[in-house]
Amino acid sequence: QVQLVESGGGLVQPGGSLRLSCAASGSIFSINAMGWYRQAPGKERELVASITSGGSTNYADSVKGRFTISRDNAKNTVYLQMNSLKPEDTAVYYCNVEAQLSRLLLREYWGQGTQVTVSS
């Protein structure tokens, strides 16, 4: 029973910034990786950025240099700092967490999604 709570979405003008956060709670032994995905209308869900427990990060080419993913392991929280936002960044953003619930049990969880709209 792990829950992910996302926050930080909203409406911004092109060139603006937003910071998304995703906090995991519940019976979690450890979190192996956390990431952000997004899905725009008529498009497939795509990976935006991910970060491992060791701090290794990965970004989609379309956001590299503009977005930064980070995590606070003590709080089981992942952040996505989004700068220089473009209209094509408009999408529903979903948090994804790979959690180890016990020595043998791994599960993936998804946040509820938060809308990011970039428009003049």
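Refer to the preceding data block for the structure.
Residues numbered from 1 in each chain as written. Predicted model: local features only at pLDDT ≥ 70, side-chain atom pairs only at ≥ 80, totals over all residues. Heavy atoms only, no water.

Student: So what's going on with the environment of Asn-73? Residues and values would help.
Tutor: By the element assignment, Asn-73 lies in the loop between strand 7 (67-72) and strand 8 (77-82). Sequence spacing of Asn-73 and Ile-31 is 42 residues, and the spatial spacing of their C-alpha atoms is 8.1 Å. Side chain to side chain, Asn-73 and Arg-71 meet in a polar contact 2.5 Å long. (Helix = DSSP H or I, 4+ residues; strand = E, 2+ residues; numbered from the N terminus. Polar contact = N/O pair within 3.5 Å; in protein donor to acceptor, adjacent residues only side chain to side chain.)

Student: How would you sum up the pattern of salt bridges? Please name residues and give values.
Tutor: Under the defined criterion, the tally for this structure stands at three salt bridges. Where Arg-38 meets Glu-46, a salt bridge forms, and the shortest distance between an N and an O atom there is 2.9 Å. Take Arg-38: its relative accessible area is 6%, and that puts it in the buried class. Overall, Glu-46 belongs to the partly exposed group, its relative accessible area being 34%. Ionic contacts of the salt-bridge type, sharing partners, join the residues Arg-38, Glu-46, Arg-66 and Asp-89 into one network. (Salt bridge = Lys/Arg side-chain N within 4 Å of Asp/Glu carboxyl O. Buried < 20%, exposed > 50% of the residue type's maximum accessible area, 1.4 Å probe, protein only.)

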